[in-house]
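Listed below, chain by chain, are the residues.
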Amino acid sequence: MSFDPSPSPNPYQASTAAGPMLSPPPAQNQTAMILAICSLVGGVLGLASCLCCVFLPFPPLSILLGAIALFQKPDQNAKIMAFVGLGLSIATLIVYLILVVLYGAAILSSPEFQAEFS
């Protein structure tokens, strides 16, 4: 029996081959997951901006990203996040619509507005 003192190759060591190491492009499910996360974040930000009475373009963008994520054939987690992002964005748009109607009704029923246009 002989003892070999040379170290065994480390499987975790980076390659010493010439040239940059490029990562492969994201897989289809990763793309759907990224879009679903962006849809969810956009829905939450849209709802938060609605509570601050500031209209930011997050809900339409979130609806678009969620729809694209669902067409990518995502896995179950991405599908849930995309649906939640879509739901939050649609709910935010409905709340915006209700706020616009209430604000318009308040302006139309104010005495100053009625005195100006009567």
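Bear in mind the structure is a predicted one, so any value in this text is a computation, not a measurement. (Residues numbered from 1 in each chain as written. Predicted model: local features only at pLDDT ≥ 70, side-chain atom pairs only at ≥ 80, totals over all residues. Heavy atoms only, no water.)

A look at the side chain of Thr 92
Inspection of the secondary structure puts Thr 92 in helix H3 (residues 76-108). In terms of polar contacts, Thr 92 uses its side chain to reach the backbone amide nitrogen of Leu 47, at 3.5 Å. Ignoring sequence-local partners within four residues, the contact set of Thr 92 consists of Gly 43, Gly 46, Leu 47, Cys 50 and Pro 59. (Helix = DSSP H or I, 4+ residues; strand = E, 2+ residues; numbered from the N terminus. Polar contact = N/O pair within 3.5 Å; in protein donor to acceptor, adjacent residues only side chain to side chain. Contact = heavy atoms within 4.5 Å.)

Observations regarding the nonpolar core
In this structure, Leu 35, Ala 36, Leu 65, Ala 69, Ala 78 and Ala 82 together form the largest nonpolar core, which totals six residues. Going through the elements one at a time, helix H1 (28-51), helix H2 (58-71) and H3 are the ones with two or more residues in this core. Non-local contacts of Leu 65, meaning those with residues more than four positions away in its chain, are made with Leu 35, Cys 38 and Ser 39. (Core = buried A, V, L, I, M, F, W, Y, C linked by side-chain atoms within 4.5 Å. Buried < 20%, exposed > 50% of the residue type's maximum accessible area, 1.4 Å probe, protein only.)

Let's talk about H3
For H3, which comprises 33 residues, the first-to-last C-alpha distance of 48 Å matches the rise-based estimate of 48 Å (1.5 Å per residue) to within 8%. The complete set of buried residues in H3 reads Ala 78, Ala 82, Gly 85, Leu 86, Ser 89, Thr 92 and Tyr 96. (Expected span 1.5 Å × (residues − 1).)

A word on the side chain of Ser 110
Here Ser 110 lies in the loop between H3 and helix H4 (111-116). Within polar-contact distance, the side chain of Ser 110 engages the backbone oxygen of Ile 107 at 2.8 Å.

A short note on H2
Taking 1.5 Å per residue as the helical rise, H2 with its 14 residues ought to reach 20 Å, and the 20 Å between its terminal C-alpha atoms agrees with that figure. Buried within H2 we find Pro 59, Ser 62, Leu 65, Gly 66 and Ala 69. Mapping the buried residues of H2 onto a view down its axis gives an arc of 125°, with all of them on the same face. Where H2 ends, the next residue or the one after it, Lys 73, has phi of about 55°, a positive value. (Arc of directions from axis to C-beta.)

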